[in-house]
Structure formats: structure tokens, C-alpha cells
Amino acid sequence: MALLPETARQVDLLVARAQAEGRGPSLALGVVRDGGLAHVAFAGEQPRPDADLQYRIGSISKTMTAVLVMQQRDAGRLDLDDPLDKHLPGTPVGALTLRQLLGHASGLQREPDGQWWERAAGADLATLLAGLTPAKIAHPPHHVYHYSNLAYGLLGGVLERITGTPWADLLRERLLEPLGMRRTTYHPTEPYARGYVVHPWHDTLREEPRTDTGAMAPAGQLWSTVEDLARWAAFLADPAPDLLAPATLTEMCAPVVISDLDAWTGGHGLGVELYRVGDRVYVGHGGSMPGYVAGLAVHRPTRTAVVDYANSYGLRGHHVVGLAREVLTLVLDAEPATPAPWRPAEAPPADLAELTGRWWWMGNEYEFRIDPAGDLVGGLVGNPQLRFTPEAPDRWRGRSGSQDGELLTVIRDEAGHPVALDIATFVFTRTPEQEP
């Protein structure tokens, strides 16, 4: 569904302002809704952007590497708590786990040794591993958030060792081809935007090299387009179950570490960045390579996302991921999702209907109802945060809120009427006087 004209005008204005004030040769942005592009906005002439023009996506590549790891986990070929040494034996940082590496909680050094890997010809995996020493662990695991490109080079090595397939081939076979991302490639494929550094004093352009990063490719090698990255954003909002179980993606979006302990506005899950903007949490990632910046921000509950690119190393005064978040917030505020229409339900079976209504616990009044899916939904009156799905007769399993994963057991009297709900040892009764 296309954006409303006034929303589109505001998005176009933000993009034009970011390109002009940030002195970006070109800037391209796409708004994604319900699995497809709802709006595209372009600014700049070097080159004139369009939805099929390739830019380098940098570290957004990490989100794809992380999904490949989770696919292997779901297939039983690895465990997230495996030490690195299990898959890359003899590595001097081998006590670090795959989970820690995915979530930037390992304390591993940010970059590999040698020249700046993003601007130099890449080495192979053996060379990358040979450069490791115990001193590469800058912090003890889980003590701080410490972003590590090196971690993702090692995760790519793990994938190659497990599958016997090079990372680029695995990515193409397991994600790019199934999702129809034909313009997401290892090397640039025309038409693509050349990347530049803008001189700070006279606005001239210096073209940057387009390197093959070798064993570090899983951290930031890829090229893509607005159209293709929109497909990836749609996947992160609502994954194809034959590629990744929705529950696995939800697991990836749970925080492993908070990246700003003072404000708690950002964090990192298993391969995805987390951004808290007001009452919303977005998932996504930023990306940069010499001459390029890219952004991806997804609001999973509404299946809305923004992707953007610029072909200069930074936009002065503007952050490309910040622009993506700003546009995403604008769209969500201006065009909130239309609620699904209420429809009357069929009467539930008598033994379920008896569970509905008011219950009491510790002097507080709770209310439960049966929703159309057959789940028991409730919580404090006016705040239905709990959801239970049936597991067996009179046994329900928590699926949300503070009782997620906990067991609800219905206690019945001799006549078979429910007199209490035992939720993980918290006993709810029909009146406050009946509380044990």
C-alpha cells in the first residue's frame, strides 16, 4: 500500500535535506510495508539513484550471516553455546561461544590484524586464524558491549567448516535465491554507485577502492539495492517459515547486550541491532564501507521498515541509520495500522467458558477470556498481558507476559467446576476471601 501523499511529501523532504546538508553524492531510501515497497525517495545526481542501483551494504551483511548460523542451529549442526574451538580447533580465542560472537558480547577485538580490512585485499581463513592470539580478547565475555567485525569473520569460518560450502555460496543458496534477491551480490554488478569520500573544505570527491575482503566478507562484503534490501527487511519483519522459523527470528531479536547503559536506547540481539524509539523497538543494522553507508530499521509488529543508502563515507551532520529510524517513526505516527475488525465468535465449550471472568490473587483483580484462537488471555483488569495456549486437559502453557513459559493448571472441585487457577504456584481464586 502506497503512502498517503502528505506522508510521502514529508519523507521526500527528509531525504532531500539529508542529502543536501550531508553532502552525499546520492541518497536512496525505501519504505517497506506488508512485504513490499510502499514508497521510494531519491536525492543527488552522482549517480542519479533508483531502486535497482547497487550500493555497498557493509555490516548489514552481518544480519544475513547470523540467519545462516541460526539455520544451522535449527538443523542441529551446532549449538549457540558451542565454544569456537569446537568448530575451529586450535583457535587461541576458542573458549568464546558462538552466542557471544553473534551478540558482540564476547569482548573480542574489533578488527583483525594488519591493514584496515575494509580497504585492503582480504586474506583467506587460514591467514585470519593465524593472526589470532589470546590478547585479541579485549574484555572478558559479557562484561561490556564491544562491537567486533572480527567475530563475524570467524562465524563465517564456522559456517564454512560445518557445511563444507564457502560463505558466499551458502548465502546465495540458502537466502538470496529463495528470497529472489537477484541484485544482492558479492562483487558489484552494474549498475552500481561508485563510493566516495567528500573533501571537507572544497566538496570534491575521492573515489574509494572496492575490495574483496576475503575471510572477513561475512562481516561486510555485500552489495544490494533498495528493491533487494526491501525484500530482506520484509523477511526480518515476517520470515518465510521454510527459511527460518518465526520463533527463531524472535529469539534473534531478544537483547544479548545493551549497548548504551546510560540511556538504554540501543542493544544487540543475535546478529541484529535493537533501537528503542519512544515506546517502540526497531530491529535492523547499520552498514559502512569505504565510500558507502547503509541503514535498515524494521518494526516487526506492523511489518513496516525503512532501508537507505548513500555513496559517501558518512553524511555530515546526518546518520543514515538515524535517518531510517526517523522516517520509520514518521510513517508509523502518520499512518498507524488499521485495527483488524472485531467479529463475533462461536460459543466456547462449557469447560472453557467456566475459566473466563474475574479471578483474584493477592488482593488484585484479574480478568480472563477465551480469544477466537482458543487461547486464554488475561491479566490485571484493563491490562491483558498474559496469554496461555492449551497443552492438555486443564493444562495451559504461558506464551506472553510475566508468565511466558509457565504452566497454568485448573483446579476443580468435586463437581468439576473450576475453583482456582494455579499459575506457577500463584493460586488465583474466584473471590479475595478464598485466597489461600
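Scope of this entry: the structure provided in the associated data block. From a predicted model like this one, the values you see are computed outputs, not experimental measurements.

Counting secondary structure elements, the chain contains 12 helices and 20 strands. Dimensions of the chain along its principal axes, counting C-alpha atoms only, are 85 × 60 × 40 Å. Counting only residues that meet the buried cut, the chain has 49% of its 436 residues in that class. The contacts in the chain between residues at least 6 apart in sequence include a share of 61% that link residues at least 24 apart.

Where helix H1 (residues 5–22) contacts helix H11 (residues 320–334), the two axes come as close as 10 Å, and the packing angle between them is 165°. Classified by the angle between their axes, H1 and H11 sit roughly antiparallel to one another. Crossing of H1 against H11: the hand is right-handed. Taking contact as the criterion, the partners of Thr 7, Gln 10, Val 11, Leu 14 and Ala 18 in H1 are, on H11, Leu 323, Glu 326, Val 327, Leu 330, Val 331 and Ala 334. Taken together, the residues of the contact of H1 with H11 break down into 8 nonpolar, 2 polar and 1 charged.

Here we come to the environment of Ala 234. By the element assignment, Ala 234 lies in helix H9 (residues 226–237). Judged by its relative accessible area of 15%, Ala 234 is buried. As for Ala 234 and Val 306, which are separated by 72 residues in sequence, their C-alpha atoms are 9.9 Å apart. With near-sequence residues (within four places) excluded, Ala 234 lies in contact with Val 32 and Gly 35.

Glancing now at the sheet that holds strand E2 (residues 36–44). Taken together, 8 strands build an open sheet; the order of strands is E2-E1-E12-E11-E10-E9-E8-E7 and the sheet is antiparallel. One side of each edge strand has no neighbouring strand; the edge strands of this open sheet are E2 and strand E7 (257–258). The pairing of strand E8 (residues 266–268) with strand E9 (residues 273–277) spans 3 bridges and is antiparallel. When the bridges of E9 are listed, Gly 267 appears paired with Leu 274.

This part is about the nonpolar core. By size, the foremost hydrophobic cluster in this structure holds 77 residues, and its most contacted members are Met 64, Leu 102, Leu 154 and Trp 232. Looking at this core element by element, the count peaks at 9 residues for H9. Those residues in contact with Leu 154, other than ones at most four positions away along the chain, are Leu 84, Leu 88, Val 93, Leu 108, Leu 128, Leu 129 and Leu 132.

So, on to H11. Relative to the 21 Å expected for 15 residues at 1.5 Å per residue, H11 spans 21 Å between its end C-alpha atoms, a close match to the ideal helical length. Residues of H11 that are buried: Val 320, Val 321, Leu 323, Ala 324, Val 327, Leu 328, Thr 329, Leu 330, Val 331 and Leu 332. Residues of H11 that are buried make contact with H1, strand E1 (26–33), E9, strand E10 (280–289), strand E11 (292–299) and strand E12 (304–310).

Once that is clear, we can look at the packing of aromatic side chains. This structure, assessed with the given rule, holds 9 aromatic pairs. Above the ring of Trp 359, the side-chain terminus of Arg 430 is found at 3.8 Å from the ring centroid.

When their charged atoms lie close together, side chains carrying opposite charge are able to pair. Summed over the entire model, instances satisfying the criterion amount to 29 salt bridges. Put simply, Asp 82 and Lys 86 hold a salt bridge, and the shortest N to O gap is 3.6 Å. Given the relative accessible area of 7%, Asp 82 is considered buried. Arg 303 serves as the salt-bridge partner of Asp 238, at 3.6 Å between the closest nitrogen and oxygen. Taken as a pair, Asp 238 in the loop between H9 and helix H10 (246–252) and Arg 303 in the loop between E11 and E12 lie far apart in primary sequence, 65 residues in all. What makes Asp 238 partly exposed here is its relative accessible area of 43%.

Quick notes on the rules
Residues numbered from 1 in each chain as written. Predicted model: local features only at pLDDT ≥ 70, side-chain atom pairs only at ≥ 80, totals over all residues. Heavy atoms only, no water. Helix = DSSP H or I, 4+ residues; strand = E, 2+ residues; numbered from the N terminus. Buried < 20%, exposed > 50% of the residue type's maximum accessible area, 1.4 Å probe, protein only. Contact = heavy atoms within 4.5 Å. Axes fitted to C-alpha atoms, helices over the stretch in contact; angles between N-to-C directions. Parallel < 35°, antiparallel > 145°, perpendicular 65-115°, else oblique. Left-handed = near helix turned anticlockwise from the far one by under 90°. Nonpolar A, V, L, I, M, F, W, Y, C, P; charged D, E, K, R; others polar. Pairing = 2+ DSSP bridges. Core = buried A, V, L, I, M, F, W, Y, C linked by side-chain atoms within 4.5 Å. Expected span 1.5 Å × (residues − 1). Phe/Tyr/Trp six-rings, centres within 6.5 Å; stacked < 30°, edge-to-face > 60°. Lys NZ or Arg CZ within 6 Å of the ring centre and 35° of its normal. Salt bridge = Lys/Arg side-chain N within 4 Å of Asp/Glu carboxyl O.

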